[in-house]
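# Residue-level structure breakdown
The primary structure of each chain is shown beneath.
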Amino acid sequence: MTFRLLSVHAHPDDESSKGAATLARYAAEGVEVLVATCTGGERGDILNPALDTAETWADLPAIRRREMAAAVEILGVRQRFLGLVDSGLPGPGEPLPEGCFAALPLSEAAAPLVALIREFRPHVVITYDETGGYPHPDHIRTHEVTLEAFTAAPDPARYPGCGSPWRPQKLYYQATLSRAWFEALHQATLAAGLESSMTEVLDELPPDKLPITTRVRCEAYFSTRDRALLAHATQVDPAHPFFAHSREIERQVWPHEDYHLAHPTPSTDPETDLFTGVTPCRPPNHA
């Protein structure tokens, strides 16, 4: 049978900065991998100083779509925009923009994802935990709509008109870019007699709270991950500390990407495969 994996993200570039090597590995092994991008990143910033120009700002939504197309081609996966509108990152006390993803009623925001789950019929779904990974309203809402869609998609009484019911078997939360990951690379870099650029990042990161249940070996795809992330040129500063560490050191000390199994309840045995325990079921309807 062919396994199917759905990874749900808030904006273009999130799929390349969180779990990208996992997606590339499974795609290379024949898994059908689909990235669902909730918004188009219309209200995003430009994080690459070299591209912070009036011309880029004027065409940013279209540029971000082109960047996404380039990234998914590198990863070897499929991708679908869900058509929701980027909420931006309002300052303290500022309201959310009217009609944006995070301001919509939950059922309205989740409907496109319910329809996609029922169409694609994934065995496994990945998204963020309840914190969103960081407190951007779209990341928190992505968690909320994924949880809603995961539980609603199997129920024929919910979201009528969004396709035939489908029950994904597992739901995971991303646990990549953890403090433990940064700390391991920092210490290994220093032990190799090299200068570490992780100090400032570690000073800002809180302790990890999400238990790791699953570690997926994917070190052969770290270079693919990096190329996909750099394809999001407006969103990535090549001078960021993430790109400064030795990939060989990373392969030695942290050759995996990490996940928390949110459903079903994890066993005490650590997993090395997102499809552990998944049972065969009929193929998706691509009509």
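Quick note: structure is the one above.
Small disclaimer: the values here were computed from a predicted structure and weren't measured. (Residues numbered from 1 in each chain as written. Predicted model: local features only at pLDDT ≥ 70, side-chain atom pairs only at ≥ 80, totals over all residues. Heavy atoms only, no water.)

### Remarks on the overall build of the chain
Looking only at helices and strands, one finds ten helices and seven strands in the chain. Computed over C-alpha atoms, the radius of gyration of the chain comes to 19 Å, within 12% of the 19 Å expected from 2.2 N^0.38 for 287 residues, which places it in the range of a compact globule. When its C-alpha atoms are laid out on the principal axes, the chain stretches across 60 × 50 × 35 Å. When burial is assessed residue by residue, the chain has 51% of its 287 residues classed as buried. Considering only intrachain contacts with a sequence separation of at least 6, the fraction spanning at least 24 residues in the chain is 82%. Surface summary for the chain: the accessible area is close to 13,100 Å², and the carbon and sulfur share equals 55%. (Helix = DSSP H or I, 4+ residues; strand = E, 2+ residues; numbered from the N terminus. Rg over C-alpha atoms; globule rule 2.2 N^0.38 Å. Buried < 20%, exposed > 50% of the residue type's maximum accessible area, 1.4 Å probe, protein only. Contact = heavy atoms within 4.5 Å. Areas by Shrake-Rupley, 256 points an atom, 1.4 Å probe, with all protein chains shown as cover.)

### A few points about unusual backbone geometry
His263 connects to Pro264 through a cis peptide bond whose omega is -5°. At Leu177, a position not held by glycine, the phi torsion is positive, near 55°.

### With respect to the packing of helix 4 (residues 60–75) against helix 9 (residues 222–231)
For the pair helix 4 and helix 9, the least separation of the axes is 8 Å and the interaxial angle reads 170°. Regarding the angle of helix 4 to helix 9, the classification is roughly antiparallel. Of the residues in helix 9, those touching helix 4 at Glu67, Ala70, Ala71, Ile74 and Leu75 are Thr224, Arg227, Ala228 and Ala231. Of the residues contributing to the contact of helix 4 with helix 9, the split by class is six nonpolar, one polar and two charged. (Axes fitted to C-alpha atoms, helices over the stretch in contact; angles between N-to-C directions. Parallel < 35°, antiparallel > 145°, perpendicular 65-115°, else oblique. Nonpolar A, V, L, I, M, F, W, Y, C, P; charged D, E, K, R; others polar.)

### What to know about helix 5 (residues 106–120)
A rise of 1.5 Å per residue sets the reference length of helix 5, with its 15 residues, at 21 Å; its end C-alpha atoms lie 21 Å apart and thus fit the reference within 8%. Taken as a whole, helix 5 carries its principal kink of about 30° at Pro112. Among the residues of helix 5, those classed as buried are Ala109, Ala110, Leu113, Val114, Leu116, Ile117, Arg118 and Phe120. Where helix 5 ends, the next residue or the one after it, Arg121, has phi of about 60°, a positive value. (Expected span 1.5 Å × (residues − 1). Bend = angle between axes of the 7 residues up to and from the residue.)

### Here we look at the side chain of Arg4
Residue placement: Arg4 occurs in strand 1 (residues 4–9). We note that Arg4 is buried and unpaired, the nearest opposite charge coming from Glu32 at a distance of 5.1 Å. Only 3.1 Å separates the side chain of Arg4 from the backbone oxygen of Phe120, close enough to count as a polar contact. (Lys, Arg positive; Asp, Glu negative; His and termini not counted. Salt bridge = Lys/Arg side-chain N within 4 Å of Asp/Glu carboxyl O. Polar contact = N/O pair within 3.5 Å; in protein donor to acceptor, adjacent residues only side chain to side chain.)

### As for the environment of Cys100
Checked against the element boundaries, Cys100 lands in the loop between strand 3 (78–84) and helix 5. Considered as a pair, Cys100 and Trp57 are 43 residues apart in the sequence and their alpha carbons are 19 Å apart.

### A few points about the sheet that holds strand 3
With respect to topology, seven strands assemble into an open sheet ordered 3-2-1-4-5-7-6, the strand pairing being mixed. Each having just a single partner strand, strand 3 and strand 6 (214–217) make up the two edges of the open sheet. Between one strand and the next, the sheet's axes are offset by a mean angle of 30°, whatever the strand orientation. Pairing between strand 5 (residues 170–174) and strand 7 (residues 256–263): four bridges, direction antiparallel. Considered in strand 7, the bridge of Tyr172 is made with Leu261. Each of strand 1, strand 2 (32–39), strand 4 (124–127), strand 5 and strand 7 touches helix 6 (residues 137–152); the most contacted strand, strand 5, lies at about 170° to it. (Pairing = 2+ DSSP bridges.)

### Brief notes about the environment of Thr2
Relative to the helices and strands, Thr2 resides in the segment before strand 1. Spatially, the C-alpha atom of Thr2 lies 30 Å from that of Gly132, the residues being 130 residues apart in sequence.

### Looking at the nonpolar core
Leu6, Val8, Ala36, Leu82, Leu113, Leu116 and Ile117 are the most contacted members of the largest nonpolar core, which totals 27 residues. When residues of this core are traced back to their parent elements, those giving at least two are strand 1, strand 2, strand 3, helix 5, helix 6 and strand 5. Considering every element that reaches this core, the biggest residue donor is helix 5, with seven residues. Excluding residues within four positions of it along the chain, Leu6 makes contact with Leu34, Ala36, Leu113, Leu116, Ile117, Phe120, Pro122, Val124, Val125 and Ile126. Ranked by size, the runner-up nonpolar core spans 26 residues in total, among them Met68, Val124, Ala231 and Leu274. (Core = buried A, V, L, I, M, F, W, Y, C linked by side-chain atoms within 4.5 Å.)

### Concerning the packing of aromatic side chains
Per the counting criterion, the structure on display carries six aromatic pairs. With 5.3 Å between their ring centres and 85° between their planes, Tyr26 and Phe275 make a pair best called edge-to-face. Here Tyr26, found in helix 2 (residues 20–28), pairs with Phe275, found in the segment after strand 7; they are 249 residues apart in sequence, far enough to count as distant. Accessibility expressed as a relative area gives 2% for Tyr26, which makes it buried. Site record: aromatic cluster; members linked through ring pairs are Trp181, Phe182, Phe242 and Phe243. The ring of Tyr26 has Arg25 sitting right over it, with the charged end atom 5.1 Å from the ring centre. (Phe/Tyr/Trp six-rings, centres within 6.5 Å; stacked < 30°, edge-to-face > 60°. Lys NZ or Arg CZ within 6 Å of the ring centre and 35° of its normal.)

### Examining the pattern of salt bridges
According to the stated counting rule, one finds 15 salt bridges in the structure shown. The partner of Arg225 in a salt bridge is Asp226, and the shortest N-O contact between them spans 2.9 Å. On the basis of relative accessibility, which here comes to 5%, the residue Arg225 falls in the buried class. Of the charged contacts, one joins Arg247 and Asp226 as a salt bridge, the two residues approaching to 2.7 Å between their closest N and O atoms. Of this pair, Arg247 sits in helix 10 (residues 247–253) while Asp226 is found in helix 9, placing the two residues 21 residues apart along the sequence. Residue classification places Asp226 among the buried residues on the basis of a relative accessible area of 10%. Each of the salt bridges in this network shares a partner with another, and the network as a whole consists of Arg225, Asp226, Arg247 and Glu250.

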